[in-house]
Each structure stands twice: as C-alpha cells, then as structure tokens.
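# Results of the structural survey
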Amino acid sequence: MSTAVATPDLSFAAWKPRHNPWLVALTVTLATFMEVLDTSIANVALPHMAGTLGASQEEATWVLTSYLVSSAIVLPISGWLSNRFGRKRFYMTCVALFTVCSLLCGIAQTLPMLIIARILQGAGGGGLAPSEQAILADTFSIEKRGQAFAVYGMAVVVAPAIGPTLGGWITDNFNWHWIFFINLPVGLLSLYLSNQMVEDPPHLKLRREEAKHEKVDFFGLGLVAMGVGFLEFTLDKGQEKDWFGSQMITTFAILAVVTLIVFAIWEWNHSHPIVDLKLLKNRNFGTAVFLQLILGMVLFGSTVLIPQYLQVLLGYTAERAGMVLSPAGFVMMVMMAVAGRTLGKGDPRVMVALGYIATAAGIYNLTRLDLNTAFGTVTIWRMLQVIGLPFIFIPISTLNYVGVPLDKTNQISSLSNFARNLGGSMGTALLTTFIARSAQVHQAALAANVIPGSVPYRRYMDSVISILTSHGVPAATAAQMAVGRAYQEMLRQASMLSYKSAFFILSVVILCLVPLPFVMRLPDKNVKPDPETMGGH
C-alpha cells in the first residue's frame, strides 16, 4: 500500500464528530425506539385489523410476515448500501421511508394496500439498526462504546416492553390506524436531528468514492434477496402449514437452501461482494455472530412463549399478558445502564459468561410455571430471567468490532443484526413447532395413565358432576360434561408440560454457551492505529 493512502488513513483513527457523541447516540436511538415499538404494537392490533379490513386471521398475519421478510432481506445488504450511497444518506432514507410508509399503513383501507405499505416499511426498518450501530461504533472510542450501546440497548428493550400495553390501549380507545400515525412526529423529529447531528467519518467518504467505481454485484444482490426471502417465509409459515407436510413449505425450504449456498460461494469469491462473508474469519466477529444468533433465539423465543402461555393456558388478555412483560423491560433498561458502566472495568468475556449463567438460571426457573401461577409471580420470574441479558448484549456488540478494519464497520453491523433477527425467526419457529409436537406426546402419556376405575379419577369426576348437578344440570348430561372437562384439563396439562420442556431446553442451550466468549480476543488499548487495518482492503 502506498504512503499516499496510508497517511490520511492514520488521521481517520483520530477523527472526532463535530457534535457531542451523546447527542448523536440519542438521535439514532430515537428511530430505533420508533421501529421496535411499531413492530410490537402491530402484533396486538392484528385481530382488529382483520375485522376492519374484512380479512381472515390467517390473511391478516401477512401484515407481520410481509414486514419481517422485507426487513430480513435489507438487513444483510445494508452495509453494502451504506458504503455505496453514504451511511448518513442511506440512514436518513430509511427513516424517511419508514415514516412515509407508516402514514400509508395508517390510511390503508384494504388488506393488499396495507401489506404493500408494510413491505416498504420493512425495507426502511431493516436498514435502521445496522446503520445506527455502525454510527455508534464510529462516533465513540472503544472505552465509551459499551455505554453508547447501553443507551441504544435501552430503546431496543423498552419499546417491546411498552408496545403491547400501548398498542392495546390505542386500539381499544381509538382504532388500529393510530398505531401507525404515532410514528409520524417521531420520524420527522428523527429526520431533522439526523440531518443536524449525524455525519460520515473520512474513511467512509473515501470508501464511498471507491465504491462508485466498482461494478455492482447484481447477481449477488438478487441471490441474497431471494434466499433470505425464501428462508424467512419458510420459518414464519412452517408450523402453520405443517412444515414438510406442505408441498409449498418444502419447495420454499429447498429454494432457500440452494439459493443461499450458491450466494455464499459466489460472494466468497467475488472481489466486491454485497455481503463480505470473509469477515467471519475474524475470530471475534465469527464468534459474535454465532452468539448473536443464539441470543436472538432466546430473546425472541422467550418473549413469544411467555405471553402465549399466559393467554392460552391462564386465560390472560393480550393487554394483561403485555403487563407481565413490561416491568422486565424496565429492569433491562436499568441493567443496560449498569452493564454499560461496568464494561471496561474488567474482562468483558467474564461479563458475557456470567450473563449466560444468569439467563440460563432465569429461564430454568420458568419451568416452575403451572396452571395456578399468580400474575405477580410470573412478572417477577420474567424480571429475573432478563437481568443477565444486557451483560451479554453490550460486551458482544463491543467485542465484535475488535480487529476489524474501520471501513468494514457497516458490514459488521448489518451481519450481526441479521444474525440476531434470523435467530429470532428460527427460535420462534422451532419453539412453536416443539410445543405443538411435544404437547401431543405429553397428551398420549397422560391419557395412558387415565384409568376410569382409579380413585383419583373417580373423585375428580364425582366433584365435577356434583358441581354441575347443583347448578341444575341433569345427572346424565352432567356425566357427559364431566368427561369433556376431564379431557380439556388433560389437554391443558399436556400443553403446560410442553412449555416446561421448552424452557428447560432453552436453559441448557444457554448454559452450553458459557465458555464461548473466551474464544474472543480483548481490544488492545495501547496498540497504535495501523494503516493496513484502518482503511486498507
């Protein structure tokens, strides 16, 4: 590499943003909060959307699926788009697209119009998180990154915590259109502040100039869009369509695997790849991507399982189930601040390992859930379950930039966010399937132990019949209804046992990850910037 290139590269490391870094952090966090809040709010309002638009419940789920697929496609290519068009320009385009499409979602009068608006909204939302994390990584020094990611992390955890409750309140008191309209003032404020505060560092400007002369890898772009789209569709609709019992799911799964394999081979050998897969050879980043994948599975998986358990087995409303999750979100917000302050005072790998142990213990504790667990008890157990997560999220988000060239921060952010979101989709799909199949196994086992002549069974039947006859039900009818009640109770218990099994498996998986953080290298604070790794290729 010539001296002419190396000299400005050394100045890149000394670059400082013109504005206070904390103002930049708050600016990018605003859009994150808006995007994550919108995703969790939409889940609650789905039945209302279906009713208003004259759609079935299954058709209405496309409002969620279309957003997830679109967002998943943009995530892995957002790093390339940032380099190609400039990160600030790309980020502001994403905020503008998300805001405008929120308006389109709000005024939609038909399901097809709403789905098209959600697809475009997902494209904007998918590019936000990777851009924001890359902006934070460039704006803050290594020592301050942990605290910066803590501020960002607060928005990520608080938004889904208040989302279901806020969504339920808005839908009940106004209508579902307003869950999209509330994005407009936040989006406009975010655009204004981003224009004032956010800037591209010199190494990114140089990278953008270089990218203008590179041929666009249209083949790779097409492959990643199709491959990720096929995969996301398979994961989202698999359980609903009985997985490989459905010809459509089988076809999409095969297409996803083949397309992604061809994409990986093509990108690995391409001189200017859309997704730089060779970054995975970096020990820190390769490990971080795997840990983010599993973190996504646990975070999204448990967030789906707990409210599902409360609504299906304990009869909670969506709003009440959301109230169980909300305090945990605020606990995570406090712990994000603690983890951000703690980072840098010890070995961050130890923090991650302890975070995994705490999370595994918290999830294992959820195996104590039964059909009579009180509201307050579930709320406290959920709070205990999430205490360790910030001590995983923040150090991993910081360590995955260690030893990576400055001009690759956009790629790092897009790949790590993609891994976490993919983990969330995989975790949700696998856990939902496991619960459905496991419940059938438990049901068969329980049925084998139901002996009509047994004393406990006879006592149960007698008590139900006695209650029914005391309410004026004829004896013969009461006997038939008692059998039905016994069967329904058996189904509930089988379902409860399947949830317990799922929580147990999750806790074991997390516990197995405890040694992995020690594979990662620590940042060397004393090493001087190396032009070969600061801006070179």
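Per chain, the residues get numbers from 1 upward, laid out in the order the sequence is written. The predicted origin of the model limits local features to residues at a pLDDT of at least 70 and limits the giving and counting of side-chain atom pairs to 80 or more, whereas totals for whole chains, interfaces and linings rest on all residues. Processing note: side-chain calculations cover all non-hydrogen atoms of the structure and skip hydrogens and water entirely.

## Details of the packing of helix H5 (residues 87-107) against helix H6 (residues 111-139)
- Put simply, H5 and H6 touch, their axes get as near as 7 Å, and they point 150° apart. Looking at the two axes, H5 sits roughly antiparallel to H6. For the crossing formed where H5 meets H6, the hand is left-handed.
- Residues of the contact of H5 with H6, tallied by class, amount to 18 nonpolar, 6 polar and 4 charged. In this analysis an axis means a line fitted to C-alpha atoms, helices contributing only their contacting stretch, and an angle means the value between N-to-C directions, from 0 to 180 degrees. A run of H or I in DSSP becomes a helix once it reaches four residues, and a run of E becomes a strand once it reaches two; helices and strands are each numbered from the N terminus. Working definition: roughly parallel below 35 degrees, roughly antiparallel above 145 degrees, roughly perpendicular at 65 to 115 degrees, and oblique for all remaining angles. Here is the rule for handedness: rotate from the far helix to the near one, and if that takes an anticlockwise turn smaller than a right angle the crossing is left-handed, while a clockwise turn gives right-handed. Under the grouping applied here, Gly and all other residues not named as nonpolar or charged are polar, the nonpolar ones being Ala, Val, Leu, Ile, Met, Phe, Trp, Tyr, Cys and Pro and the charged ones Asp, Glu, Lys and Arg.

## Details of the packing of aromatic side chains
- Note on aromatic pairs: the rings of Phe, Tyr and Trp (six-membered ring only in Trp) are paired at centre separations within 6.5 Å, and the planes decide the class, stacked below 30 degrees, edge-to-face beyond 60, tilted for the rest. One pass over the structure, following the stated rule, counts 9 aromatic pairs.
- Centroid distance Trp178 to Phe181: 5.3 Å. Interplanar angle 80°. Geometry classified as edge-to-face. Placement of the pair is Trp178 and Phe181 together in helix H8 (residues 178-181), with a separation of 3 residues, close to one helical turn.
- Note on exposure labels: buried denotes an accessible area under 20% of the residue type's maximum, exposed denotes more than 50%, and partly exposed covers the range between, all computed with a 1.4 Å probe on protein chains only. Exposure remark for Trp178: the relative accessible area of 43% places this residue in the partly exposed category.
- Between Tyr316 and Phe375, the ring centres sit 6.2 Å apart and the planes meet at 25°, which makes this aromatic pair stacked. One end of the pair, Tyr316, is in the loop between helix H13 (283-313) and helix H14 (318-342); the other, Phe375, is in helix H16 (residues 375-386), and 59 residues separate them in sequence.

## With respect to the nonpolar core
- Formed by 104 residues in total, the largest nonpolar core has its most connected members in Leu136, Tyr309, Leu310, Tyr356, Phe503 and Ile510.
- Per element, the largest residue contribution to this core is 14 residues, and it comes from H13.
- The criterion used for residue contact is that any of the two residues' heavy atoms lie within 4.5 Å. Look past the residues within four positions of Leu310 in its chain and what remains in contact with it is Gly315, Tyr316, Ala321, Val324 and Val378.
- Formed by 22 residues, the second largest nonpolar core is a distinct cluster that contains Ala45, Leu53, Val63 and Ala117. For this analysis, a nonpolar core means a set of buried residues of the types Ala, Val, Leu, Ile, Met, Phe, Trp, Tyr and Cys, connected via side-chain atoms within 4.5 Å.

## Some thoughts on helix H4 (residues 62-85)
- Fitting axes to the seven residues ending at a residue and to the seven starting there, one defines the bend at that residue as the angle between these axes. The largest bend along H4 measures about 55° and falls at Ile77.
- Most of H4 sits out of view: 19 of its 24 residues are buried.
- Where H4 terminates, the next one or two residues include Gly86, which has phi positive at roughly 95°.

## Quick look at the packing of helix H15 (residues 348-365) against helix H17 (residues 390-399)
- Where H15 contacts H17, the two axes come as close as 8 Å, and the packing angle between them is 145°. Crossing of H15 against H17: the hand is left-handed. Residue-level contacts link Pro348, Arg349, Met351, Val352, Gly355, Tyr356 and Thr359 of H15 to Phe391, Ile392, Pro395, Ile396 and Leu399 of H17.
- Residue classes in the contact of H15 with H17 are distributed as 9 nonpolar, 2 polar and 1 charged.

## Points about the pattern of salt bridges
- A pair is scored as a salt bridge if a Lys or Arg side-chain nitrogen falls within 4 Å of a carboxyl oxygen belonging to Asp or Glu. Counted by the stated rule, this structure contains 1 salt bridge.
- Here Arg349 makes a salt bridge to Asp347, at a shortest N to O gap of 2.9 Å.

## Details of a nonpolar patch on the surface
- Among the surface-exposed residues, Val100, Leu103, Leu104, Ile107 and Met113 lie close enough to one another that they form a single nonpolar patch of about 380 Å² accessible area.
- A total of 4 residues in the nonpolar patch trace back to one element, the largest contributor, which is H5.
- Looking at the element boundaries, Val100 is found in helix H5.
- The exposure class assigned to Val100 is partly exposed, which follows from its relative accessible area of 48%. The patch calculation keeps residues exceeding 30% relative accessible area without a salt bridge and links them within 9 Å when they carry like charges or within 5 Å when they are nonpolar (Val, Leu, Ile, Met, Phe, Trp, Tyr). Under the convention used here, a 1.4 Å probe and the Shrake-Rupley method define accessible areas, while residue burial counts only the protein chains that appear.

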